[in-house]
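Each chain is listed here by its residues.
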Amino acid sequence: MNIYVLLKKTFDTEEKISIVNGQIDDDSAEFIINPYDEYAVEEAIRQRDANGGKVTVITIGNEDSEKQLRTALAMGADKAVLINIEEDLEDGDQYTTAKILEAFFDGRDVDLIFAGNVAIDEASGQVGPRVADLLGIPYVTTITSITIDGTKVTIEKDVEGDVEVIETTMPLLVTCQQGLNDPRYPSLPGIMKAKKKPLEELELDDLDLEEADVEAKTKTIEIFLPPAKAAGRVLVGDVTDQVKELVGLLKNEAKVI
Amino acid sequence: MSEKLFVVGEVKDGALRNVSFEAIAAAKIMNADAEIVGIVCGDDDLESQALELIYYGADRVVTVKHDNLKTYTPEGHGQAILAVIHDESPNGIVMGHTSIGKDLSPKLASKLDTGLISDVTKIDANGDQPVFIRPIYSGKAFEKKMITGAFPFITIRPNNIPSLERDPSRTGDIRQHDIQVTDIRTIVKDVIRKATKGVDLSEAKVVVAGGRGVKSADGFKPLYELADALGGAVGASRGACDADYCDYSLQIGQTGKVVTPDLYIAVGISGAIQHLAGMSNSKVIVAINKDPEANIFNIADYGIVGDLFEVIPLLIEEINKVKV
C-alpha cells in the first residue's frame, strides 16, 4: 500500500503569541508536528504494519521543517518529502497548499492519505478535503477509527460527539481526530535510523509549477491580539453567600442567566 | 442587477440549526442589498425548514429532496448544492462552521475554484469589500482576511454573529430543485448517538467545563446537573479527558473545541494556556477552584475559591430559585 501523510509544523500549544511588525513572532517559538498530524503519522505507521506498504510523509515549508519530518521518520515513517517554498512564495493560503499537493501527487499511485483534521494555527481544516477533491478521491474527515479489509475501509467519524460508521474504498483521504490513537514517542534506535532514511527536497520548479499557478485566493490584511482581559472579581465570604452573590451578579450585572 | 448570496441551511434532527439563521444575518452584513437565497437538502419534505429560513431573513429558498440526502455525505450534499449553484449562479456563499460545514465547504470551494475563509467570527463591511475576522492559534490572535477574487465564500462560527429577529409575517418563494444524487462513495452505515442529548457544545449559550479537579467520571455528574439547570452543555479540559473522566469529544482547548458561549463556568480547571485558547473569548467567565493561585482566576470575570463539590449543589439550588 502507498500511504502518504500530510504534515504541518505548528507552534507548541503552550506558546504565547506575540506580534512583531504585523506578523506573528516565531523567532523564539518551539515548533512541533501539528498535534492532529501526529495522529495521522501514527495511524499511517500502524496501518502499514498491519497491511504492508510504505509511509511517505510530506510537508510544505522551509528548511526548518526538516526537524518535524525527521521526527516522523523516527516514529517509523519510511520516507519524507519537503516541498521547500521559502524562495518561491511570499503568501499562500489553503488553495495554494492544495494545488502544490495536487502537483506532487500527479502520476503517483496513492492508496491512502492521512492528514490532520485541522492545524492548530490557521485552523481552517480545508487542505485535506481540497486535496481529495483535486485528486478525485473520496474523503472522510475527523475519523476516530479506521479498519482496512482488502479495498474495503470501515471508518468511525466523530460528528460533534456522535459517531458515524462509514464504509468506503481506497484510494481515500482521511483527516484524523483526537481519540484515533496515542502517538508513540520516537525511540532512540528510531531516531538513529531516521537520520539515514531518505528525505527528498523539492521546489515548485520540480513540480512544474509557477508561482501564478498557486496564487492565493484570499489575503490576510492584518493580524492582531485580542484585548487583554481585566482581572475579574474573586468573591469572598461564606460559600453560601458567595454563591448567592454570584447568581445575583450573573443575573443582574452580566445578564447571562 | 443586485447580488445574490447563498446561505446553506443545515438541518439537524429535522430542525434548522441556529447557525443557519446566523449565516443569513452574516450575508446581510456582507451586502445589505443582496438577494439572500437559502438552500436546504434532505430526504423529507423541507417546506417547514424553508419557511424558517424565510422568517429569519432569506428572500427565497431552494430545496433539494432525494433519498440519498437522508444523511449528510460530502458527495451527496456536494452534488446537490453544486447543482443549485450552477443553476442560480450566486455571487457568494455563507454557511455554518459546523461538522458538516467544515467537511463540505472546502470541497465546494475546490469545485468552484475559489478561496474560502473559514470560521469567521465577525464581518466588517464598511469598506469597498467585506473584511472577515477570524481567530487564529485558537483565539490567541485574530486575523482580518479578504477574498482576492469576486466570490466571497465563508463559514461562520456558531454563536458569534447574532441572527435577525424571527418574523413569521415574512414571505418568499420556495422551489424544489430536482436532481439525481448518485455515485456516493462514502456510505454512512450507522450513527451512534453519544453526544449528550439537547444542547450542542459548539452552539451552547452556557458551557460548564470540568478539569482534573473534578477527580473522576462520577465527579462530572453535578456538572451535568448544573448545565441542565442553565440549559447549557458540558465540556472538559484536556487533563480531564486524558484522565478518562470524559470523552475526547468534550475537550475544549487548542486541541479540541473552541467555544464562545455567553457564560463559561470553569470548574476545577487550573487554566493552562492550551485550555484558555479554547474558551477565553467567552463573554462571561466564572471560575470555581480550590486553588486561589490558579491561573484561571486571571481571566475569569467572577471567581469562587472553594470546593466544587460543595459549591456546585448550592449553585444549582440558587439558580433554580431565581429561575422561578
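Residues numbered from 1 in each chain as written. Chains lettered and ligands numbered in written order. Predicted model: local features only at pLDDT ≥ 70, side-chain atom pairs only at ≥ 80, totals over all residues. Heavy atoms only, no water.

Visitor: Mind laying out the packing of aromatic side chains, listing which residues take part and the relevant values?
Guide: Residue and element names in this part refer to chain A. Scanning the model with the defined rule gives eight aromatic pairs over all chains in all. Where Tyr 4 meets Phe 104, the ring centres are 6.2 Å apart and the plane angle is 80 degrees; that geometry is what we call edge-to-face. Highlighted residues: Tyr 4 in strand β1 (residues 2-7) and Phe 104 in helix α3 (residues 94-105), separated in sequence by 100 residues. Across this residue pair, the class does not change: Tyr 4 and Phe 104 are buried. Judged by centre distance (5.1 Å) and plane angle (80 degrees), the ring pair of Phe 104 and Phe 105 falls under edge-to-face. Note on Phe 104: relative accessible area 2%, which makes it buried. Three or more aromatic residues joined by ring pairs make a cluster, and in this case those are Tyr 4, Phe 104 and Phe 105. (Phe/Tyr/Trp six-rings, centres within 6.5 Å; stacked < 30°, edge-to-face > 60°. Helix = DSSP H or I, 4+ residues; strand = E, 2+ residues; numbered from the N terminus. Buried < 20%, exposed > 50% of the residue type's maximum accessible area, 1.4 Å probe, protein only.)

Visitor: Can you lay out the sheet that holds strand β11 (residues 153-156) of chain B for me, pointing to particular residues and giving the numbers?
Guide: Residues and elements named next belong to chain B. Spatially, the seven strands line up as an open sheet ordered β7-β11-β6-β1-β4-β5-β12, and their pairing is parallel. Among the strands making up the open sheet, the edge pair consists of β7 (117-120) and β12 (173-176). Between one strand and the next, the sheet's axes are offset by a mean angle of 20 degrees, whatever the strand orientation. Running at roughly 165 degrees to strand β1 (residues 4-8), helix α1 (residues 18-30) makes contact with β1, β4 (35-42), β6 (92-96) and β11 of the sheet. (Pairing = 2+ DSSP bridges. Axes fitted to C-alpha atoms, helices over the stretch in contact; angles between N-to-C directions. Contact = heavy atoms within 4.5 Å.)

Visitor: So what about α3(A)? Which residues, and what values?
Guide: Residue and element names in this part refer to chain A. With 12 residues, α3 ought to run about 16 Å at 1.5 Å a step, and its terminal C-alpha atoms sit 16 Å apart, in line with that. In terms of residue burial, α3 counts as a mostly covered element, since nine of its 12 residues are buried. When we look at burial in α3, the residues that qualify are Gln 94, Tyr 95, Thr 96, Ala 98, Ile 100, Leu 101, Ala 103, Phe 104 and Phe 105. The inward-facing, buried residues of α3 abut β1, β6 (54-61), β7 (79-84), β8 (112-116), α4 (127-135) and β13 (199-202). Where α3 starts, the residue carrying a side-chain oxygen 3.1 Å from the main-chain nitrogen of Tyr 95 turns out to be Asp 93. Gly 107 occupies a position one or two residues after α3 and carries a positive phi of about 85 degrees. (Expected span 1.5 Å × (residues − 1). Polar contact = N/O pair within 3.5 Å; in protein donor to acceptor, adjacent residues only side chain to side chain.)

Visitor: Which residues make up the environment of Pro35(A), and what values do they have?
Guide: Along the chain, Pro35(A) falls in helix α1 (residues 35-51). For Pro35(A) and Asn252(A), which are 217 residues apart along the polypeptide, the C-alpha to C-alpha distance reads 42 Å. When neighbours within four sequence positions are excluded, Pro35(A) is seen to be in contact with Thr10(A), Thr13(A), Ile120(A) and Thr255(B).

Visitor: Report on the packing of helix α3 (residues 74-88) of chain B against helix α4 (residues 99-112) of chain B, specifying residues and quantitative values.
Guide: All names here are of chain B. Relative to each other, α3 and α4 sit at 45 degrees, their axes nearing to 10 Å. Accordingly, the angle class assigned to the pair α3 and α4 is oblique. Judged by the twist between their axes, the crossing of α3 over α4 is right-handed. Side by side, α3 and α4 meet where Pro 74, Glu 75, His 77, Gly 78, Ile 81, Leu 82 and Ile 85 of the first sit next to Asp 103, Leu 104, Lys 107, Leu 108, Lys 111 and Leu 112 of the second. Looking at the contact of α3 with α4 residue by residue, the class counts come to seven nonpolar, two polar and four charged. (Parallel < 35°, antiparallel > 145°, perpendicular 65-115°, else oblique. Left-handed = near helix turned anticlockwise from the far one by under 90°. Nonpolar A, V, L, I, M, F, W, Y, C, P; charged D, E, K, R; others polar.)

Visitor: With reference to specific residues and values, describe the nonpolar core.
Guide: Membership of the largest hydrophobic core comes to 39 residues, with the highest contact counts inside it found for Val5(A), Val57(A), Phe114(A), Ile146(A), Ile155(A), Leu172(A) and Val174(A). The element best represented in this core is α1(A), accounting for six residues. Beyond its immediate stretch of four places on either side in the chain, Val5(A) contacts Asp37(A), Ala40(A), Val41(A), Ala44(A), Val55(A), Thr56(A), Val57(A), Ile58(A) and Phe114(A). Among the nonpolar cores identified, the runner-up in size contains 38 residues, and Val247(A), Leu250(A), Tyr302(B) and Leu315(B) belong to it. (Core = buried A, V, L, I, M, F, W, Y, C linked by side-chain atoms within 4.5 Å.)

Visitor: Outline the pattern of salt bridges, supporting the account with residue identities and numerical values.
Guide: Under the defined criterion, the tally for this structure stands at 38 salt bridges over all chains. Residue Lys67(A) pairs with Glu30(A) through a salt bridge whose shortest N-O separation is 3.8 Å. With Lys67(A) in helix α2 (residues 66-75) and Glu30(A) in the loop between β4 (23-24) and β5 (31-33), the pair connects residues that are 37 residues apart, well separated along the chain. Across the pair Arg175(B) and Asp87(B) runs a salt bridge, and its minimum N-O distance is 2.8 Å. (Salt bridge = Lys/Arg side-chain N within 4 Å of Asp/Glu carboxyl O.)

Visitor: Tell me about the packing of α3(A) against α4(A), and name the residues and values.
Guide: Two quantities define a packed helix pair, namely the angle between the helix axes and the distance between the axes. All names here are of chain A. Packing of α3 against α4 leaves a shortest axis separation of 9 Å and a crossing angle of 45 degrees. On the basis of the axis angle, α3 is oblique to α4. Relative to α4, α3 is oriented so that their crossing is right-handed. Every residue of α4 that contacts α3 at Gln 94, Tyr 95, Thr 97, Ala 98, Lys 99, Leu 101, Glu 102 and Phe 105 is listed here: Val 127, Arg 130, Val 131, Leu 134 and Leu 135. Residue classes in the contact of α3 with α4 are distributed as eight nonpolar, two polar and three charged.

Visitor: An account of the domain arrangement of chain A is requested, with residue identities and associated values reported.
Guide: When its domains are assigned, chain A resolves into domain 1 (2-214) and domain 2 (227-257). Computed over C-alpha atoms only, the centres of domain 1 of chain A and domain 2 of chain A are separated by 45 Å. (Domains from an automatic or database assignment.)

Visitor: Break down the domain arrangement of chain B for me, with residues and values.
Guide: Residues and elements named next belong to chain B. Split by domain assignment, chain B resolves into domain 1 (4-176) and domain 2 (201-323). Contact residues are listed per partner, giving 12 residues for domain 1 and 13 residues for domain 2. Carbon and sulfur atoms supply 35% of the area that domain 1 and domain 2 bury against each other, a total of about 1,100 Å² over both sides. Where domain 1 packs against domain 2, one counts one salt bridge. Note that Glu 203 and Arg 17 form a salt bridge whose closest N and O atoms lie 3.2 Å from each other. Taken together, the connections running from domain 1 to domain 2 amount to seven residue pairs in polar contact (both at pLDDT 80 or more). When its residues are assigned to classes, the side of domain 1 that touches domain 2 shows four nonpolar, five polar and three charged. (Buried area = accessible area lost by both parts, 1.4 Å probe.)

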